[in-house]
Amino acid sequence: MIKYIYQKSPVFIQNAVISVYGLYWKNRRLGGVFNQHVKEFRDRESFIKEQWREYQTKELRKLLKHAFDTVPYYNQLYSKHGFTSKDFDTFEIEDLKRLPYLEKNELRKYGTTTLLSSKRKKGAFLSSSGSTGTPIKAYFTNEAHQIWSAAYEARIRNWAGVNHKMARGMIGGRRILPDANAKPPFYRYNYAEKQTYFSAYHLSPETVSNYLEGIKKNKVEYMVGYAVSNYLLADFIEKKGLQAPKLKAVLTSSEKLTDEMRETMERVYGCKVYDGYSGVESCGLISENNEGELLFSPDTGIMEVVDELGKEVAFGETGEVIATGFLNFDQPLIRYRIGDQVKLSRNQTPKSGMAMPIIDEIEGRTEDVITAKDGRKMVRFHGLFVDIPKLMVAQLIQDSIEDYTINIVVEEGFLKEQELEMKKRLCSQVGEVSVTFNYLQDIPRNSNGKFRAVISKVK
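Residues numbered from 1 in each chain as written. Predicted model: local features only at pLDDT ≥ 70, side-chain atom pairs only at ≥ 80, totals over all residues. Heavy atoms only, no water.

Participant: Explanation requested: the nonpolar core in the structure shown.
Facilitator: In globular proteins that are soluble, nonpolar side chains generally tend to be buried together. Counting residues in each nonpolar core, the largest one holds 67 residues, and the members touching the most others are Tyr74, Tyr78, Leu99, Leu251, Ile286 and Met303. Here this core gets seven residues from one element, more than from any other, and that element is helix 7 (residues 142–157). The residues touching Met303, leaving out its near neighbours within four places in the chain, are Ile286, Phe296, Val321, Ile322, Val342, Leu344 and Ile359. Within the second largest apolar cluster, 61 residues are counted, among which are Tyr6, Tyr211, Phe385 and Cys427. (Core = buried A, V, L, I, M, F, W, Y, C linked by side-chain atoms within 4.5 Å. Buried < 20%, exposed > 50% of the residue type's maximum accessible area, 1.4 Å probe, protein only. Helix = DSSP H or I, 4+ residues; strand = E, 2+ residues; numbered from the N terminus. Contact = heavy atoms within 4.5 Å.)

Written out as structure tokens, the structure is:
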């Protein structure tokens, strides 16, 4: 009902609805233990390697014992592999390789049931961006959300010289304008957090002046959100010969940030761009500091980087990320194959003096840009597949301006009627197009074991 009222309301009412919703999220994320944990994250930045090892060992033992004792999935799995609760009292980080992986399809299958702790507090499920297929659901209590937000504040915003109280612009996946043919303004305003939320689905050379109007009107101090969408906005501003105000920072996420994208945004906005990597699973944070170093935060979890045989790679090499998160005990993710790859830096002596692992490159976050019939450019189509029953994995392919294929892998019980829902969602983003559904046993993968969730064959 609220969604229907929002869609039919004038812009000022929509801004009011978003602001009420923003106030709820502000209290949920930034209330409670938020400030306490921001201080703790900052205090740990001075840890030396020995302190980090001691901290991680203590947190890992606590996590594993909790998971074995309160999470049915892990109790059954680890018992099957011969572990008892007592074994985790003396567990070492090096012992992690003795535990089996948690696969993404297992998280999708059991994440709302046996992967939840029996001691969990009241919370809510949040969907991921689904960059490797269909989204997963992560369970968050208010406290877990506040701790994760504190990590973001300390290690992403603060490292970039900004904070949550400053006016920000956001380009993300939320559909603030549900109609593909919507009229300007292509942004809405959240008064509760001084947040201007720009549509990721209406960017084009013809609409860019309206986006720039929103930046100026609401005195945006820094931009956050999708790397590609933020780059496209800056690129359109530059190519149209428009003048953007000088910002304090641009914080990018979700997609691979190329040198060209970084240089364009820094030129247009006159500020540094800071890359980051996390995810709704909240089991690891990589963020860029003022020295341009990508650092993994050891207090958010343990990051193993392994080759195809499961052996840890050497510094200077690329491997698959196996993540064990420390921040969410209500739905613990232990040795989770998150689906991305990183290249470890050969030089592990940071200029900043912070004794955190250095990453050269975050790989596996590349999607193609979709071009709509009216010239709009957009990325991130995970919303097509959220809450589609019995849908396991999906891939969107743009064959031409007006023709799309959706590759899907489904479980028994999938209803053909769900095709109509997915097509409806796609057309609401790109306009009326032809959609063909292709049922597969599995989606073909690249040499790194991943597949692109979005492919465009349009030049």
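Participant: Just to check I follow, could you spell out helix 9 (residues 227–239) for this structure?
Facilitator: Residues three or four positions apart in an α-helix share a direction because the helix packs 3.6 residues into each turn. Helix length check: helix 9 (13 residues) gives 18 Å between terminal C-alpha atoms against 18 Å at 1.5 Å per residue, within 8%. Of all 13 residues in helix 9, eleven are buried; the element is thus mostly enclosed. Regarding helix 9, the residues found buried are Ala227, Val228, Ser229, Asn230, Tyr231, Leu232, Leu233, Ala234, Asp235, Phe236 and Ile237. Close packing links the buried residues of helix 9 with strand 3 (168–172), helix 8 (208–217), strand 6 (222–226), strand 7 (249–253), helix 10 (259–269) and strand 16 (377–378). Positive backbone phi, at 70 degrees, marks Gly241, one or two positions downstream of helix 9. (Expected span 1.5 Å × (residues − 1).)

Participant: Help me understand the sheet that holds strand 3, please; the structure alone is not making it clear to me.
Facilitator: Whenever strands of a sheet pair, they do so through backbone hydrogen bonds, lying parallel or antiparallel. In space, the twelve strands of this open sheet follow the order 4-5-3-6-7-8-9-10-14-13-12-11, with mixed pairing throughout. The strands lining the two open edges of the sheet, one partner per strand, are strand 4 (187–190) and strand 11 (301–306). The average undirected angle you get between the axes of adjacent strands in this sheet is 30 degrees. Examined bridge by bridge, strand 3 and strand 5 (residues 195–199) share five bridges and lie parallel to one another. Paired with Gly172 across the bridge in strand 5 is Ser199. Running at roughly 50 degrees to strand 4, helix 2 (residues 11–30) makes contact with strand 3 and strand 4 of the sheet. Contacting strand 3, strand 6 and strand 7, helix 9 crosses the sheet at an angle of about 130 degrees to strand 6. (Pairing = 2+ DSSP bridges. Axes fitted to C-alpha atoms, helices over the stretch in contact; angles between N-to-C directions.)

Participant: In this structure, what is going on with unusual backbone geometry? I would like to understand it.
Facilitator: Both trends apply: most residues other than glycine have a negative phi, and most peptide bonds are in trans. Following Pro184, the chain continues into Pro185 via a peptide bond in cis, with omega recorded as 5 degrees. Position of Pro185 relative to the elements: it lies in the loop between strand 3 and strand 4. Unusually for a residue other than glycine, Lys219 sits at a positive phi of about 50 degrees. Tracing the chain through its elements places Lys219 in the loop between helix 8 and strand 6. For Lys219, a relative accessible area of 66% gives the class exposed.

Participant: Any chance you could explain helix 4 (residues 49–70) here in plain terms?
Facilitator: Taking 1.5 Å as the rise per residue, helix 4 with 22 residues should run 32 Å; its terminal C-alpha atoms sit 31 Å apart, in good agreement. Along helix 4, the residues that are buried comprise Trp52, Tyr55, Gln56, Thr57, Glu59, Leu60, Leu63, Leu64, His66, Ala67, Phe68 and Thr70. Contact partners of the buried residues in helix 4: helix 3 (34–44), helix 5 (72–80), helix 7, strand 11 and strand 12 (318–325).

Participant: I would appreciate a short explanation of the packing of helix 9 against helix 10 in the present structure.
Facilitator: Each pair of packed helices can be described by the angle between their axes along with the distance between the axes. For the pair helix 9 and helix 10, the least separation of the axes is 9 Å and the interaxial angle reads 50 degrees. As summarised for this structure, helix 9 and helix 10 are arranged oblique, according to the angle between their axes. Crossing of helix 9 over helix 10 shows left-handed handedness. Across from Ala227, Val228, Asn230, Tyr231, Leu233, Ala234, Asp235, Ile237 and Glu238 in helix 9, the residues of helix 10 making contact are Glu260, Met261, Thr264, Met265, Arg267, Val268 and Tyr269. (Parallel < 35°, antiparallel > 145°, perpendicular 65-115°, else oblique. Left-handed = near helix turned anticlockwise from the far one by under 90°.)

Participant: Honestly, the environment of Arg120 in this entry has me stumped. Any pointers?
Facilitator: Looking at the element boundaries, Arg120 is found in the loop between helix 6 (104–110) and strand 1 (123–127). The exposure class of Arg120 is partly exposed, given its relative accessible area of 38%. Not counting chain neighbours up to four residues away, the residues in contact with Arg120 comprise Tyr139 and Asp330. One polar contact links the side chain of Arg120 to the main-chain carbonyl oxygen of Ser117, over a distance of 2.9 Å. (Polar contact = N/O pair within 3.5 Å; in protein donor to acceptor, adjacent residues only side chain to side chain.)

Participant: What's the story with the packing of helix 2 against helix 7 in this structure? I'm lost.
Facilitator: Where helix 2 contacts helix 7, the two axes come as close as 7 Å, and the packing angle between them is 80 degrees. As summarised for this structure, helix 2 and helix 7 are arranged roughly perpendicular, according to the angle between their axes. Along its contact with helix 2, which presents Trp25, Asn27, Arg28, Arg29 and Leu30, the element helix 7 presents Asn142, His145, Gln146 and Ser149. Considering only residue class, the contact of helix 2 with helix 7 consists of two nonpolar, five polar and two charged. (Nonpolar A, V, L, I, M, F, W, Y, C, P; charged D, E, K, R; others polar.)

Participant: Even after reading the chapter, I still don't get the sheet that holds strand 19 (residues 434–439), so can you show me in this structure?
Facilitator: Here we have four strands laid out as an open sheet, ordered 19-18-17-20, and mixed in their pairing. A strand with exactly one partner marks an edge of an open sheet, and here the two such strands are strand 19 and strand 20 (454–456). On average, each strand axis in the sheet is inclined to that of its neighbour by 20 degrees, with strand direction left out of account. Bridge count for strand 17 (residues 391–400) against strand 20 is three bridges, and the pairing is parallel. Within the sheet, the bridge partner assigned to Gln398 lies in strand 20 and is Ser456.

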